[in-house]
Amino acid sequence: MTTETDIKKQVSAALEEEISGKPAASPLGEKKKAERKKRRIRMLQGGGFLLFCYVVYLLFIPHKGGLNFGACKVFLELYVRYPDTLNLSTVEDFGDSYRIWFTEVDAFGQYRLEQMQCYYRPDENTGFALSRVSVDRRDVDQKIVEDFNRSISVIAKFPPDLTLPAPIPDSLRDMEIDTDKFRRKIFQ
């Protein structure tokens, strides 16, 4: 048995269908539309979250230098007497040269801050070659540089770690110095 309100709803739905030319929305169709809308919102939220994660990932990627920096770094590792004590402080790119400030522990156990600057020239085989290298503003023997230039093609095929060191802060307040390292312990 149908009630009078059910008949009125069916008549009004039929009239709407006839006027608009579209079939009247059923409760099941409305439910499916709501589910599709919720699914779209969830997909947009998931896509936004993935985009946010990607941006955060990009913020934490360390800066990388070019192959010129890699060749200068390899030359530095070969030049220093104790390369396992080598620590890069700052790298400056001047376009045609790289300057690397580094610390090392010498044979007497002292930390020394030095600089090495590698100058480049174009080369038809490898794309670039070292024209000269200076350590603390004194040029390295040209024979050593020319011998190293023969190995640049191998360095290009198997590049070293090209991660640049973090820059030194401009403000002294931002410097983090472990002062306990320099103090003598009174109480054991």
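Note that residues are indexed from 1 along each chain, following the sequence as it is written. With pLDDT at 70 or above as the cut-off, local features in this predicted model cover only qualifying residues; side-chain atom pairs require 80 or more to be listed or tallied, and sums for whole chains, interfaces and linings still use all residues. Where side-chain values are given, they derive from all heavy atoms of the structure, hydrogens and water being excluded.

Caption draft 1: How the structure looks around the nonpolar core. As used in this record, nonpolar core signifies buried Ala, Val, Leu, Ile, Met, Phe, Trp, Tyr and Cys residues forming a set joined through side-chain atoms within 4.5 Å. Classification of residues uses two cut-offs on accessible area relative to the type maximum, computed with a 1.4 Å probe and protein chains only: under 20% is buried, over 50% is exposed, and between them is partly exposed. Phe75, Leu76, Met116, Leu130, Val133 and Phe148 are the most contacted members of the largest nonpolar core, which has 25 residues in total. Secondary structure elements are taken from DSSP: a helix is a run of H or I of four residues or more, a strand is a run of E of two residues or more, and numbering for both begins at the N terminus. When contributions to this core are tallied by element, the ones reaching two or more residues are α3 (67–79), β2 (97–105), β3 (111–123), β4 (127–135), α4 (142–149) and α5 (152–157). Of all the elements, α3 adds the most residues to this core, at six residues. Whether two residues are in contact is decided by their heavy atoms, any of which lying within 4.5 Å being enough. Excluding residues within four positions of it along the chain, Val133 makes contact with Phe75, Met116, Gln117, Cys118, Arg138, Asp139, Val140 and Val145.

Caption draft 2: Layout of the pattern of salt bridges. Counted as salt bridges are all cases of a side-chain nitrogen of Lys or Arg within 4 Å of a carboxyl oxygen of Asp or Glu. Within the structure shown, the criterion is met by six salt bridges. When the shortest N-O distance is used, the salt bridge between Arg121 and Glu146 registers 3.8 Å. With Arg121 in strand β3 and Glu146 in helix α4, this pair connects stretches of sequence that are 25 residues apart. Looking at Glu146, the relative accessible area reads 33%, which means it is partly exposed. Across the pair Asp139 and Arg132 runs a salt bridge, and its minimum N-O distance is 3.0 Å. With a relative accessible area of 34%, Arg132 lands in the partly exposed category. Overlapping salt bridges, with partners in common, bring together Lys143, Asp147 and Arg150 in one network.

Caption draft 3: Molecular detail of α4. By the burial criterion, the buried members of α4 are Val145, Phe148 and Asn149. Down the axis of α4, the sector holding all buried residues measures 105°, keeping them to one side. Buried positions along α4 lie against α3, β3, β4 and α5. By definition, the arc is the one covered by directions from the helix axis to the C-beta atoms.

Caption draft 4: Local environment of α3. For α3, built from 13 residues, the straight-helix expectation of 18 Å at 1.5 Å per residue is met to within 8% by its first-to-last C-alpha distance of 18 Å. Burial in α3 covers these residues: Phe69, Gly70, Ala71, Cys72, Lys73, Val74, Phe75 and Leu76. Tucked inside the fold, the buried residues of α3 contact β1 (87–93), β2, β3, β4, α4 and α5. Expected span of a helix, by definition, is 1.5 Å for each gap between consecutive residues, and there is one gap fewer than residues.

Caption draft 5: Region of interest: the pairing of β1. With six bridges joining them, β1 and β2 adopt antiparallel strand pairing. When the bridges of β2 are listed, Leu88 appears paired with Phe102. Following β1, the chain reverses through three residues before pairing antiparallel with β2; Gly95 in that reversal takes a positive phi of roughly 90°. Two strands pair if DSSP finds at least two bridges between them.

Caption draft 6: Just the state of the cysteines, in detail. Two cysteine sulfur atoms make up a disulfide if the distance between them is within 2.5 Å. Applying the stated criterion across every chain, the model contains one disulfide. One disulfide in the model links Cys72 with Cys118; its S-S distance is 2.1 Å. Given an S-S torsion of about 75°, the disulfide between Cys72 and Cys118 has right-handed geometry. In this pair, Cys72 sits in helix α3 while Cys118 sits in strand β3, placing the two residues 46 residues apart along the sequence. In this structure Cys72 comes out as buried when scored by relative accessible area, which is 0%. Relative accessible area serves as the criterion here: at 0%, Cys118 is assigned to the buried category.

Caption draft 7: Structural detail: the layout of surface pockets. Each cavity reported here is a set of points on a 1 Å grid over the protein atoms alone in which a 1.4 Å probe fits but cannot get out, each pocket an open set with protein on both sides within 12 Å along at least five of seven lines, and each lining residue one with an atom within 4 Å of a point. Grid points are joined across faces, edges and corners, and a volume is the space filled by probe spheres set on the points. Computed from the structure, the largest pocket encloses a volume of approximately 230 Å³. Along its surface, the largest pocket is lined by 14 residues, and Arg81, Glu104, Asp106, Arg112 and Glu114 are the ones closest to its centre. Listing elements by their share of the lining of the largest pocket, those giving two or more residues are β2 and β3. When residues of the lining of the largest pocket are assigned to their parent elements, the largest contribution, three residues, is made by β2.

The values reported here are purely geometric and, on their own, carry no functional implication.
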